[in-house]
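Descriptive structure summary
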Amino acid sequence: MADEAKAKGNAAFSAGNFDDAIKHFSDAINLSPTNHVLYSNRSAAYASLHRYSEALSDATKTVELKPDWSKGYSRLGAAHLGLHQYPDAISAYKKGLEIDPNNEALKSGLADAQSASTKRARPFPASAGSPFGDVFSGPEMWAKLTADPTTRLFLQQPDFVKMMQDIQKNPSNLNLYLKDQRVMQALGVLLNLKMRTGGPPDDVEFPGEDSFRPPEPKPDTKKAEEPAVKQKEPEPEPIEVTDDDKEAKLRKAEAQKEKEAGNAAYKKKDFDTAIGHYTKAIELDDEDISFWTNRAAVYLEMGKYEECIKDCDHAVERGRELRSDFKMIARALTRKGTALVKLAKSSKDYDMAIEVFHKALTEHRNPDTLKKLNDAERAKKELEQQEYFDPQIADEEREKGNEFFKQQKYPEAIRHYTEAIKRNPKDHKAYSNRAASYTKLGAMPEGLKDAEKCIELDPTFAKGYTRKGAVQFFMKEYDKALETYQEGLKLEPNNPELLDGVKRCVQQINKATRGDLSPEELKERQSKAMQDPEIQNILADPVMRQVLIDFQENPKAAQEHMKNPMVMNKVQKLASAGIVQVR
């Protein structure tokens, strides 16, 4: 496992992906914390990102674990050199040369460190103050930094602006900020030079050594007395490729060809051929889990769900070992969940599929997976209802609810009515009875919902309109209750409950129309009415607003308006709501 992570780190380093290299080397270190080579490699990766403090820490650990290994001192010297700690860099390179006197990389590093140390120690003329003093003076500095596309971005960073302001106030402070690559870049712009930072150091797995170069002074053509700073960029070292590495690359390349052939066969619906190619790819390279997920997809198409699940399980297990892309693992889990849904025969069989889909979504929230999860949950619920359906038991539960209702034990009645509905969701009587129980308990919204469901299931059941009208009456929506009772009377014109409901609604509406409401009742009814979208629409209607104005200013015109049935109906609604009074 540690070797696999190290190999990935070396590959990422070679490709210039230093952040990825650090991640892989860190994984390897977690698995093999005493391997000095891993710390050395990570030190090189840190140095390539100019993170010299971390590079120094790893280099120190390398030397601690393997004090007789010359390359560790090369890492140590490079880190010190990057931090401008020249005496420490010189000491590190010298220690390495004591172990390996003929090491050219150590010799070169020592020469660089000694050269940098000498140039840093060379004093500037006292009268000059700072060799770069002039370039930081006046508004010209900010103009140059703004004109350059690179430093223009730096000016959006408060810490950079603060450093440049400090240097402008006292150019001697430049040495305090030379470790910051942005300051180096800015200095190059101000001196009309193109600054380059050091390239990546060698990786321990590759032969040869080449350390970072210190800044080399170069005179400006305009101001010969002012030194310009430039860094050499070391060349990346050649990668040492062993016979095993060559063979592994060939096998991986061959595996990819087999995968492509499998994909082509899959598109042609030649599933057996596709299986053969994917199987060959797996034999050649077991580190690419896409071969497993692709073969699982073929098994899924062929209806071989058990084989599909096995391949998906292996892909997930191997993917976690290799720390594969989370999207690939999510794909394997989604495919497994799909196979489990295909195998489901009962509602409980869906539990595993739903669990797998949830796991897939924790890896990667994919819309397709989310849809499959929703479909599975819906299918499970429908199957549960089918499995639970029993009209005989539903009738028994409804009768039990009726007994509790007669005893005025409404919560118990609701429990039995609910069970009856679960056993037979099409039983409109159970909804009607539960609506009555909710009404008794003052749960009006629940009662209204059940009454409406009852009417939906059986529009010819007059009791449903009685239930709905009663709820609306208790909610003081008298005009709506009146409409509901009248709908019921179309079915049973002589129904006493419906007739009584109409009578009570008319009394309440007339009470408001005559202005017989108490101030508290009027305020409550108006407040409730103003929340009703229908009342809001009436009041917002320009025609109705003119009608209301005519009621106050032009009674004759108002009488003409009242001949219109639609206008009259709206006025009655406003009157019953306590908004207007009609005398």
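Report follows, based on the coordinates.

**Describing the side chain of R295**
Inspection of the secondary structure puts R295 in helix 15 (residues 290–302). Separated by 2.7 Å, the side chains of R295 and D311 make a polar contact. Filtering out sequence-adjacent residues up to four positions away, R295 remains in contact with I275, Y278, T279, I282 and D311.

**Digging into the pattern of salt bridges**
By the definition in use, this model includes 34 salt bridges. Ionic pairing is found between K252 and D285, a salt bridge with its closest N-O pair at 3.4 Å. Of this pair, K252 sits in helix 13 (residues 243–267) while D285 sits in the loop between helix 14 (271–284) and helix 15, and the two are 33 residues apart along the sequence. Among the residues examined, K252 registers a relative accessible area of 35% and is labelled partly exposed. You can call D285 buried: its relative accessible area is 8%. A salt bridge links D427 to R398, with the shortest nitrogen-to-oxygen separation between them at 2.7 Å.

**Things to note about helix 29 (residues 542–553)**
The terminal C-alpha atoms of helix 29 lie 16 Å apart, and with 12 residues this matches the ideal 16 Å at 1.5 Å per residue to within 8%. Taken together, the buried positions of helix 29 are M544, V547, L548 and D550. Projected down its long axis, helix 29 carries its buried residues within an arc of 155 degrees, all on one side. Residues of helix 29 that are exposed and point more than 90 degrees away from the buried face comprise P542, R545, Q552 and E553. The secondary structure elements touched by the buried residues of helix 29 are helix 28 (533–540), helix 30 (555–561) and helix 31 (565–576).

**Re the environment of Q385**
Tracing the chain through its elements places Q385 in helix 19 (residues 367–388). According to the relative accessible area criterion, Q385 is partly exposed, its value standing at 40%.

**Side note on the packing of helix 24 (residues 462–474) against helix 25 (residues 478–491)**
Following both chains from N to C, one finds helix 24 and helix 25 inclined at 170 degrees, their axes separated by 8 Å at the closest point. One element, helix 24, and the other, helix 25, form an angle in the roughly antiparallel class. Where helix 24 abuts helix 25, its residues A462, Y465, T466, K468, G469, A470, Q472 and F473 lie against Y478, K480, A481, T484, Y485, E487, G488 and L491. Of the residues in the contact of helix 24 with helix 25, the class split is eight nonpolar, five polar and three charged.

**Some details on the side chain of R423**
Positionally, R423 belongs in helix 21 (residues 410–423). With sequence-adjacent residues up to four places away left out, R423 is seen in contact with Y388, F389, D390, P391, I393 and A394.

**Quick word on the packing of helix 1 (residues 2–14) against helix 3 (residues 36–48)**
Viewed as axis vectors pointing N to C, helix 1 and helix 3 meet at an angle of 25 degrees, and their least axial separation amounts to 11 Å. On the basis of the axis angle, helix 1 is roughly parallel to helix 3. Of the two possible hands of crossing, helix 1 and helix 3 adopt the one that is left-handed. Across the interface between the two elements, K6, N10 and F13 of helix 1 pack against V37, L38, N41, A44, A45 and S48 of helix 3. Considering only residue class, the contact of helix 1 with helix 3 consists of five nonpolar, three polar and one charged.

**Overview of the packing of aromatic side chains**
A complete count under the given rule lists six aromatic pairs for this structure. Measuring from centroid to centroid gives 5.3 Å for F13 and F18, while their planes differ by 70 degrees, and the two rings are edge-to-face. For the pair F13 and F18, one class covers both residues: buried. Plain terms: the ring middles of F473 and Y478 are 5.1 Å apart, the flat faces sit at 65 degrees to each other, and that makes the pair edge-to-face. On the accessibility criterion, F473 (15% relative accessible area) is buried.

**Structural notes on unusual backbone geometry**
Positive phi, normally seen in glycine, also occurs at H84, with a value near 60 degrees. In this fold, H84 is placed in the loop between helix 5 (70–82) and helix 6 (86–99). In this structure H84 comes out as buried when scored by relative accessible area, which is 18%. Non-glycine residue K269 carries a positive phi angle of around 65 degrees. Tracing the backbone through its elements, the reader meets K269 in the loop between helix 13 and helix 14. By relative accessible area, K269 is classed as exposed at 53%.

**Details of the environment of K304**
Here K304 is to be found in the loop between helix 15 and helix 16 (305–322). For K304, a relative accessible area of 36% gives the class partly exposed. C-alpha of K304 to C-alpha of A339: the two residues are 35 residues apart in sequence and 8.6 Å apart in space.

**Remarks on the nonpolar core**
Nonpolar side chains in soluble globular proteins tend to be buried together. One finds V298, C308, L333 and Y350 to be the most contacted residues of the largest nonpolar core, which totals 38 residues. Listing elements by their share of this core, those giving two or more residues are helix 13, helix 14, helix 15, helix 16, helix 17 (326–343), helix 18 (349–363) and helix 19. For C308, the contacting residues outside a window of four places in its chain are A296, Y299, L300, R335 and A339. Membership of the second largest hydrophobic core comes to 20 residues, among which are A44, L56, A79 and A92.

**Some thoughts on helix 3**
Between its first and last C-alpha atoms helix 3 spans 19 Å; for 13 residues at 1.5 Å apiece the expected length is 18 Å, and the two agree. In terms of residue burial, helix 3 counts as a mostly covered element, since 13 of its 13 residues are buried. Residue N35 occupies the N-cap position of helix 3, its side-chain oxygen lying 3.0 Å from the main-chain nitrogen of V37. Positive backbone phi, at 65 degrees, marks H50, one or two positions downstream of helix 3.

Cut-offs used in this document
Residues numbered from 1 in each chain as written. Predicted model: local features only at pLDDT ≥ 70, side-chain atom pairs only at ≥ 80, totals over all residues. Heavy atoms only, no water. Helix = DSSP H or I, 4+ residues; strand = E, 2+ residues; numbered from the N terminus. Polar contact = N/O pair within 3.5 Å; in protein donor to acceptor, adjacent residues only side chain to side chain. Contact = heavy atoms within 4.5 Å. Salt bridge = Lys/Arg side-chain N within 4 Å of Asp/Glu carboxyl O. Buried < 20%, exposed > 50% of the residue type's maximum accessible area, 1.4 Å probe, protein only. Expected span 1.5 Å × (residues − 1). Arc of directions from axis to C-beta. Axes fitted to C-alpha atoms, helices over the stretch in contact; angles between N-to-C directions. Parallel < 35°, antiparallel > 145°, perpendicular 65-115°, else oblique. Nonpolar A, V, L, I, M, F, W, Y, C, P; charged D, E, K, R; others polar. Left-handed = near helix turned anticlockwise from the far one by under 90°. Phe/Tyr/Trp six-rings, centres within 6.5 Å; stacked < 30°, edge-to-face > 60°. Core = buried A, V, L, I, M, F, W, Y, C linked by side-chain atoms within 4.5 Å.

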